[in-house]
Amino acid sequence: MAPAESHRAALSFPSSNAKTGPIAVSSTSRLTCPSSCPLAGDQGCYAEAGFRTRLQWDRLSRGESGLPAAAFIKQVLALPAGILFRHCVAGDQWPEPANPLRIDQGLLLQLAKATRHLRAAWSYTHFPMGPANQATLRLAAAQGLVINASTESRSVAAGLQRQGIPVVCVVPPDAPAVFRHQGVRFVACPASRRGRGGRKIQCISCGGRWGLPLCAVAARSFVITFPAHGALAAAAAHHCS
Ligand code: SF4
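As a starting point, this report considers the structure included with it.

Rules and cut-offs
Residues numbered from 1 in each chain as written. Predicted model: local features only at pLDDT ≥ 70, side-chain atom pairs only at ≥ 80, totals over all residues. Heavy atoms only, no water. Salt bridge = Lys/Arg side-chain N within 4 Å of Asp/Glu carboxyl O. Helix = DSSP H or I, 4+ residues; strand = E, 2+ residues; numbered from the N terminus. Buried < 20%, exposed > 50% of the residue type's maximum accessible area, 1.4 Å probe, protein only. Near = heavy atom within 4 Å. 1 Å grid on protein atoms, 1.4 Å probe; cavity = no way out; pocket = protein on both sides within 12 Å on 5 of 7 lines; lining within 4 Å. Sits in = over half its atoms within 2 Å of the grid points. Core = buried A, V, L, I, M, F, W, Y, C linked by side-chain atoms within 4.5 Å. Points joined across faces, edges and corners; volume = space filled by probe spheres on them. Nonpolar A, V, L, I, M, F, W, Y, C, P; charged D, E, K, R; others polar.

Tallying each qualifying case throughout the model produces 4 salt bridges. Where Asp-58 meets Arg-30, a salt bridge forms, and the shortest distance between an N and an O atom there is 2.7 Å. One end of the pair, Asp-58, is in helix α2 (residues 51–61); the other, Arg-30, is in the loop between β2 (24–28) and α1 (46–49), and 28 residues separate them in sequence. What makes Arg-30 partly exposed here is its relative accessible area of 25%. The closest approach of N and O atoms between Arg-59 and Glu-64, which form a salt bridge, is 4.0 Å. Among the residues examined, Arg-59 registers a relative accessible area of 41% and is labelled partly exposed. When its relative accessible area of 43% is taken as the criterion, Glu-64 is described as partly exposed. A single salt-bridge network, built from bridges that share partners, covers Arg-30, Glu-48 and Asp-58.

What follows covers the site of the ligand. Taken together, the neighbourhood of the ligand is formed by 13 residues, with Arg-86, Cys-189, Cys-203, Cys-206 and Cys-215 sitting nearest. A majority-of-atoms criterion places the ligand in the largest cavity.

This paragraph deals with the nonpolar core. Considering soluble globular proteins, one finds that nonpolar side chains tend to be buried as a cluster. Membership of the largest hydrophobic core comes to 37 residues, with the highest contact counts inside it found for Phe-72, Phe-85, Trp-94, Leu-111 and Phe-186. Among the elements that line this core, the one with the most residues is helix α4 (residues 105–113), at 5 residues.

A word on empty space enclosed by the protein. In total, this model carries 1 cavity of 30 Å³ or more according to the counting rule given. Roughly 90 Å³ of volume is contained in the largest cavity. In terms of lining, the largest cavity is formed by 14 residues, of which the most central are Cys-189, Pro-190, Cys-203, Cys-206 and Cys-215. Its residues assigned to classes, the lining of the largest cavity shows 13 nonpolar, no polar and 1 charged.

In structure tokens form, the structure reads like this:
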């Protein structure tokens, strides 16, 4: 079945996004967002909360910008070797046309293969983490594209982490930077706090001894936390457990 119009995606390099730094970033249409995302709309989605991001996302979602999936993948393939790529700053993974709660494995693996020349490539998803989507994440990671399961529940995050799935978890703004839950370590995204000497960490400078941005490390031993922030912080925190 042909990819749906919801597969439209837009690439930007170098990004002017203050959180990522000048890496390659992309967004996918709002139509990719699965109904399983509890933060959709005004429920805490940070992409909806940022004025500029939302305007660009609106245009992409109306089909006024970006490219169909196949052309987008060619753009990714043409990115300079050795750079960093964060996929889906807004939007989610491409769904199967016939099953909107399943990630389109074939299309995602095409994208993963197109990122092999990059230093690191990563993304996030709110698709339900049943066996089929977990298998897709493992296959994409084996090709070098690390998709993090996005969660709001520390227990769900801990369970996925124990199954070897890279996980991120939204936590209340006052959560500790490092804590344990059900025996699993949770560590705050360095961009959410000051680095040494007050230096602000961005995705481009994230990773320290790991040598890669933390979200791009598939085999890490901890869950990354994102303290709820921005205009919809209270709505996002409401979903944390
Ligand atoms: S943990 Fe690192 S790579 Fe992930 S969002 Fe934060 S700064 Fe970016």
